[in-house]
Amino acid sequence: MFENLIRKDTEVTSGKMMPYLRGVFSEMGLDKLLTRDAADYFTTDADVIRERQAFFCEENAALTDALLLLDEKLKEYAEYRTPNKTETDQLFRQVVDAAFYVKLTDALYEKVKPLEGKLAQGSAKEFVSYVIAEAESEAYKNFRQGLETVAGNIMNVKSVTIGVNLNSQLRPKEAGLVSINTVPFKSGDLLDRILRLDFVHDEFHCISPLTAVASSLPDELQPVVNEELNAALAHILIDALRKSRAQISRYFYEKMEVYERISRELTFVLAVYRFLARMKEDGIPLCVPTVSENNETHIRSLYNPFLPDARRADKIVPNDVNFDNSGRLYILTGPNSGGKTVYVKAVATAQLLFQLGLPIPAKSAEMKIMEGVFLFFPRNQAENKSSGRLEEECRLLADILKLVNENTLVLMDETFSSTSAKDGAVLAESCLQKLRAKGCMCIFSTHIHELAGQVERMNAVGGGNDRIDLLAAEIRDTLRTYRILRGYTDGTSDAKTIAAKYGLLS
């Protein structure tokens, strides 16, 4: 049903990049916002991406309601299922299960029938077609009618007659079913009969008033009566279910598996629906990226949807993203708290959402499919008492460089900030040249402003055909605008602004 829509990309999930990819999903919070295994749905298959995009962009509340209903009802079913202790329990379970299937199918049919012929090809259409075909099939109608007959037979049972043998002390020693009746017993008390104007005397009139069983039945008689009642009900059910047993088995224990399988597959789908609903509620623009055919990525007006002000889209400053022949590797500089980290995380989020097959928070986008995404935030790296933070960074970078190629995206924030600016610049330049040689796309966000001044020299040095370009967080009239601009911004301006703010400049 949804195999192509949510199938996991085995080449990705079984590869060496997956541990890093899961780390990126965790850093972005997508494992909590979507599902714990959200990273497993990351795909490099363009066809899968396009099918998911088409599915999730269907503006159809009825389809969403139907899928949510299916998920809710199957969870309810899982909660009320209990082990069957007796044959009677098993027979009752068959009726309950069959009734559940009919009720669920009827409810789904009511929701999806108006969608017939209105959906594009794909998983959504397949789901709708399945429900409609099932509900309108002759086999289902016969099954439904058979269930109503069984239920009617059971509901028409109003009483049973039980014969009880007594011992010499007038205590019950044996009991047996005498008859199953479609009429209830009536009290034999004269006053009751007068009040009912009932003077007929037959086998369904007791010789004494009717008494509530639970309040008067002796303890030793209770299990005997219960056993006989169970036997009576079993007899009724066995007779009623004899002709419909095969139908119930075929429909519930076989066809119900289709709904249960869909529900298992829906975990990811429903999480996506909730995520997209939140984005729309917050007023975040969403667009469906096209798959790039020229090895480039262009995103216009990208939002970071996880900012504190995300509930107010008008408070978020959108930015453009471009990876092209003029720049596939960027050095991103600018003031502290100027939006560098927010920008890097927005780029990561957009790439992950795109390769989940989802709309991204932007005005428009054309994006390249990546084999892997690496997010390198030193503050989130594991501490190691036997070695310093710099050594740990170098070790992790060495591991990443073994996996990086022209189809990977590397996003680095304040790397090498644990050493001096001079040493950090040397390490950063060496790292960038190695990444450049690999041909990957990269944003290197840094507080080392001097590095920006070395770009022309770095591009003149061999190591790769791709240019290293510049990005900068803008300051306008001493104020942070949170706009990320392509080009160079004087790295000293932030220091001067801060000093002037506190009167430290003459």
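Quick note: structure is the one above.
Now for a look at the structure at hand. (Residues numbered from 1 in each chain as written. Predicted model: local features only at pLDDT ≥ 70, side-chain atom pairs only at ≥ 80, totals over all residues. Heavy atoms only, no water.)

1. Here we look at the packing of helix H3 (residues 18-28) against helix H14 (residues 340-355)
How two helices pack is summed up by the angle between their axes together with the distance between the axes.
Thinking step 1. For the pair H3 and H14, the least separation of the axes is 10 Å and the interaxial angle reads 120 degrees. When the axes of H3 and H14 are compared, the pair comes out oblique. Pair H3 / H14 crosses with left-handed handedness. Seen from H3, the contacting residues are Leu 21, Val 24, Phe 25, Glu 27 and Met 28; seen from H14, they are Lys 345, Ala 348, Thr 349 and Leu 352.
Thinking step 2. Looking at the contact of H3 with H14 residue by residue, the classes come out as six nonpolar, one polar and two charged. (Axes fitted to C-alpha atoms, helices over the stretch in contact; angles between N-to-C directions. Helix = DSSP H or I, 4+ residues; strand = E, 2+ residues; numbered from the N terminus. Parallel < 35°, antiparallel > 145°, perpendicular 65-115°, else oblique. Left-handed = near helix turned anticlockwise from the far one by under 90°. Contact = heavy atoms within 4.5 Å. Nonpolar A, V, L, I, M, F, W, Y, C, P; charged D, E, K, R; others polar.)

2. Some details on a nonpolar patch on the surface
Thinking step 1. On the surface, a nonpolar cluster with roughly 280 Å² of combined accessible area is contributed by Val 164, Leu 166 and Leu 170.
Thinking step 2. Position of Leu 166 relative to the elements: it lies in strand S1 (residues 159-166).
Thinking step 3. Judged by relative accessible area, which is 43%, Leu 166 ranks as partly exposed. (Patch = residues over 30% accessible without salt bridge, like charges linked within 9 Å, V, L, I, M, F, W, Y side chains within 5 Å. Areas by Shrake-Rupley, 256 points an atom, 1.4 Å probe, with all protein chains shown as cover. Salt bridge = Lys/Arg side-chain N within 4 Å of Asp/Glu carboxyl O. Buried < 20%, exposed > 50% of the residue type's maximum accessible area, 1.4 Å probe, protein only.)

3. What about the pattern of salt bridges?
Thinking step 1. Counted by the stated rule, this structure contains 15 salt bridges.
Thinking step 2. Where Arg 50 meets Asp 47, a salt bridge forms, and the shortest distance between an N and an O atom there is 3.6 Å. Of the two residues, Arg 50 and Asp 47 both sit in helix H5 (residues 46-56), three residues apart, roughly one turn of that helix.
Thinking step 3. Take Asp 47: its relative accessible area is 56%, and that puts it in the exposed class.
Thinking step 4. The partner of Arg 457 in a salt bridge is Glu 429, with the nearest N and O atoms 2.7 Å apart. Of the two residues, Arg 457 is situated in helix H17 (residues 455-460) and Glu 429 in helix H16 (residues 421-438); the sequence distance between them amounts to 28 residues.
Thinking step 5. Residues joined by salt bridges that share partners form a network here, namely Asp 47, Arg 50 and Glu 293.

4. A short note on the sheet that holds strand S7 (residues 364-367)
Thinking step 1. In spatial order, the strands read S3-S7-S4-S5; together these four strands make up an open sheet with mixed pairing. Edge positions in the open sheet fall to strand S3 (290-291) and strand S5 (319-323), since each of these has one partner strand only. (Pairing = 2+ DSSP bridges.)

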